[in-house]
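Residue-level structural notes
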Amino acid sequence: MQPQLTNRINRISVSPTATVIAEAEKYKARGIDVVDFGPGEPDFPTPEHIKKAAIRAIESDKSKYTATPGIMPLREAICAWHKRELGSSFEPKECIVNVGGKHSIFNAVGVLIQAGDEVIIPAPYWVSFPDIVKYAGGTPVHVETRPEDGFSVKAAAIEKAITPKTRMMIINSPSNPSGGVVPPAEYQKILALCKRHNIWLMGDECYSHFVYEPHKPYSIASAAGAKDNVIIVGSVSKTFAMTGWRIGYTLGPEALIQAMNKLQSQSTSNPTSIAQYAALEAMTGTMETVPLMLAEYAKRRKRIVEGLRAIPGVTCTDPGGAFYAFPNVSAHLGSGPHSRAKDAFELSRLLLEKAHVALVPGEAFGMPGYLRISYATSIARIEEGLRRIERFLTRGEAAS
Ligand SMILES: Cc1ncc(COP(=O)(O)O)c(C=O)c1O
C-alpha cells in the first residue's frame with residue numbers, strides 16, 4: 001500500500017549533505033578512491049579519557065533509562081562548562097540534554113514555532129535550519145551575508161527582515177558552511193534587536209571552540225540581559241570528536257526547557273545513558289585535545305584556502321571558524337568564462353563522477369555558485385583533492 005504522507009513531511013527533503021555522503025559511499029563501495037570533502041565531522045578519534053568513561057559506564061551497568069532531560073551530574077557539568085568556557089550563568093533547571101545538537105534545535109523550534117511564524121536565518125545556512133522550521137509549520141526568512149564581510153551577518157541586514165510575524169532568529173557562529181564568525185559587538189546589536197522586538201535568539205554554538213585568530217570562543221549568553229531572549233544550542237559532536245555518540249544540549253529559560261522535556265518524554269526519552277557518561281567526562285575532564293585539533297585545522301585551512309585561490313576563476317574568503325572552506329566557483333558555471341557545468345549542483349555531481357571528489361553544492365545552503373569543502377581530513381588528502389579539482393576545473397580532466 002502506498003503511504004499517504006502528511007503535509008508536514010512533504011514540506012521537507014532529505015538533508016543534502018546526507019545525500020552527498022550516500023553518493024560518495026556508492027563510489028567507495030565500487031573500490032574507487034574518493035577524496036571525501038563531504039562530511040561535517042572531525043576525522044580525529046574520540047579522546048581516550050572519554051572512551052574510557054563510556055567503558056566504565058557500561059561495566060557499572062549504567063544501562064537503564066535515565067531522567068528524560070539527562071542525568072543531573074551532566075546537566076550540572078554542562079552549565080559549569082558553559083560558564084567557565086563561555087561566561088554564561090545557567091542553572092541545571094535551564095538545561096536539557098538532547099540526542100545531538102540537531103535534536104536540540106528540532107525540539108526547541110518544535111515547542112516555539114507554529115504556522116504563521118517567521119524565523120530569520122542568515123544565508124548561507126546549515127541545511128537543517130530551514131527544514132526544521134518548515135516541519136514545525138513556520139516560514140524561514142533568509143538574510144544574505146557577503147563574502148567581503150567574511151559571511152558574518154550584520155544586525156542592520158537582519159533588522160530589515162523583521163516583521164510582526166518574526167518569532168525567532170537562528171545565528172550559527174562560527175557558521176557551517178561558510179566559517180563566518182559574528183564578532184561580539186555585532187552579536188550584541190542583534191541581541192538588542194531581539195529584545196526590542198520580542199524575538200527569540202537561538203545561538204547555535206556547535207563550533208564554538210574552533211575559531212581562528214583573531215577570533216575567540218564567544219557565547220551571546222554571556223551578554224548582559226541575554227537570558228530572557230537567548231536559547232543556546234551546543235553539542236559535544238565537534239568539540240570532542242563525538243559525532244556518533246549523539247549528545248547535544250539546550251540552555252534557555254526554565255519554561256522552554258520544561259516544554260522541551262515534555263516533547264522529549266513523548267518521543268526519544270533520554271539520550272543514550274552510556275553516551276551521557278561519556279559527555280560528562282568531556283565536560284569535566286581535560287580539554288587538551290581541543291587546541292591540538294584546532295592547530296591541525298588551522299594548518300589545513302591555510303593549505304585549502306591557498307590551493308583554492310590558486311585555481312583560476314575560484315575565489316575563497318578565509319573562514320573565521322569551523323572546518324569548511326566555501327569557495328565561489330561561479331566563473332566555472334553557466335555562461336562564466338571557464339564554464340564546466342550549469343550550476344554548482346551539477347558541478348559537484350561531475351566532480352564526484354569524473355574527478356572522484358565529494359563535496360556539497362552551495363544550493364544546499366541557499367548560496368548557488370559556491371561549494372562547501374570540509375577540510376576535516378589529512379593534508380595529504382587535501383593536496384590530492386586540490387589537484388583533482390584544479391585538473392577538472394581548468395582542463396576538464398578526470399581522475400587518473
Ligand atoms: C551548524 C550545526 N548545528 C548543529 C549540528 C548538529 O550536530 P549534532 O547533532 O551532531 O550535535 C551541526 C552538525 O553538522 C551543524 O553543522
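Residues numbered from 1 in each chain as written. Predicted model: local features only at pLDDT ≥ 70, side-chain atom pairs only at ≥ 80, totals over all residues. Heavy atoms only, no water.

1. Quick word on the sheet that holds strand β5 (residues 166-172)
Read across the sheet, seven strands follow the order β2-β8-β7-β6-β5-β3-β4 without closing on themselves; strand pairing throughout is mixed. Of all strands in the sheet, those with a lone pairing partner are β2 (95-98) and β4 (139-144), marking the two edges. The sheet shows a mean angle of 20° between the axes of neighbouring strands, taken without regard to direction. Bridge analysis of strand β7 (residues 230-235) against strand β8 (residues 248-251) gives four bridges, and the strand direction is antiparallel. Note on β8: the bridge partner recorded for Val233 is Thr250. Sheet strands in contact with helix α8 (residues 184-197) are β5, β6 (200-204) and β7, and its direction is about 150° off that of β6. (Pairing = 2+ DSSP bridges. Helix = DSSP H or I, 4+ residues; strand = E, 2+ residues; numbered from the N terminus. Axes fitted to C-alpha atoms, helices over the stretch in contact; angles between N-to-C directions. Contact = heavy atoms within 4.5 Å.)

2. Considering the pairing of β5
The buried fraction of β5 amounts to six of the seven residues, a majority that puts the element mostly inside the structure. The sheet contact formed by strand β3 (residues 118-123) and β5 spans three bridges and is parallel. Counterpart to Val119 in the pairing with β5 is Met168. Where β5 meets β6, five bridges bridge the pair, whose relative direction is parallel. Looking across to β6, one finds that Ile170 is bridged to Met202. In this fold, β5 hands off to α8, which returns the chain to β6; that crossover is right-handed. (Buried < 20%, exposed > 50% of the residue type's maximum accessible area, 1.4 Å probe, protein only. Right-handed = clockwise from strand over helix to strand, strands pointing away.)

3. Regarding the nonpolar core
Note on soluble globular proteins: their nonpolar side chains tend to be buried together. Residues Leu201, Phe240 and Ile304 are the most contacted members of the largest nonpolar core, which totals 91 residues. Of all the elements, helix α10 (residues 273-284) adds the most residues to this core, at seven residues. Viewed by domain, this core spans two of them, domain 1 (7-45 + 289-395) and domain 2 (64-284), each represented by three or more residues. When residues no more than four places from it in sequence are discounted, the contact partners of Leu201 are Met169, Ile171, Tyr187, Ile190, Leu191, Cys194, Ile220, Asn229, Val230 and Ile231. By size, the runner-up hydrophobic cluster in this structure holds 38 residues, among which are Val133, Phe151, Ile257 and Tyr370. (Core = buried A, V, L, I, M, F, W, Y, C linked by side-chain atoms within 4.5 Å. Domains from an automatic or database assignment.)

4. Points about the site of the ligand
The environment of the ligand is made up of 13 residues, and the closest members are Gly101, Asp204, Ser235, Ser237 and Lys238. Within the side chain of Tyr207, an N or O atom sits 2.8 Å from an oxygen atom of the ligand. In the model, an oxygen atom of the ligand is placed 2.7 Å from a nitrogen or oxygen of the Lys238 side chain. Coverage of the ligand by the protein amounts to 92% of the 390 Å² it exposes when considered alone. When the residues that make up the shell around the ligand are grouped by side-chain class, the tally is three nonpolar, six polar and four charged. (Near = heavy atom within 4 Å. Polar contact = N/O pair within 3.5 Å; in protein donor to acceptor, adjacent residues only side chain to side chain. Areas by Shrake-Rupley, 256 points an atom, 1.4 Å probe, with all protein chains shown as cover. Nonpolar A, V, L, I, M, F, W, Y, C, P; charged D, E, K, R; others polar.)

5. What to know about the sheet that holds strand β11 (residues 360-361)
Spatial strand order, β9-β12-β11: three strands in an open sheet with antiparallel pairing. Bordering the open sheet on either side are β9 (324-325) and β11, each of which pairs with just one other strand. Of the strand pairs in this sheet, β9 and strand β12 (residues 371-374) are connected by two bridges, and their pairing is antiparallel. Residue pairing across strands places Tyr324 opposite Ser374, the latter belonging to β12.

6. Here we look at the environment of Ser88
Tracing the backbone shows Ser88 in the loop between α4 (72-86) and β2. By relative accessible area, which is 4% here, Ser88 ends up buried. C-alpha separation for the pair Ser88 and Gly31, spaced 57 residues apart in sequence, amounts to 49 Å. The residues touching Ser88, leaving out its near neighbours within four places in the chain, are His82, Lys83 and Ala221. In this structure the side chain of Ser88 is engaged in a polar contact, spanning 2.7 Å, whose partner is the side chain of His82.

7. Regarding unusual backbone geometry
Leaving glycine aside, a negative phi is the common case for residues, and trans is the common case for peptide bonds. For the bond from Ala123 to Pro124, the omega torsion is 0°, close enough to zero to count as cis. Examined against the element boundaries, Pro124 turns out to sit in the loop between β3 and α6 (128-135). The peptide bond linking Ser173 to Pro174 adopts the cis configuration, its omega dihedral lying at -5°. Mapped onto the secondary structure, Pro174 falls in the loop between β5 and α8. Positive phi is not limited to glycine here, since Ser269 has a value of about 60°. By the secondary structure assignment, Ser269 is in the loop between α9 (254-265) and α10.

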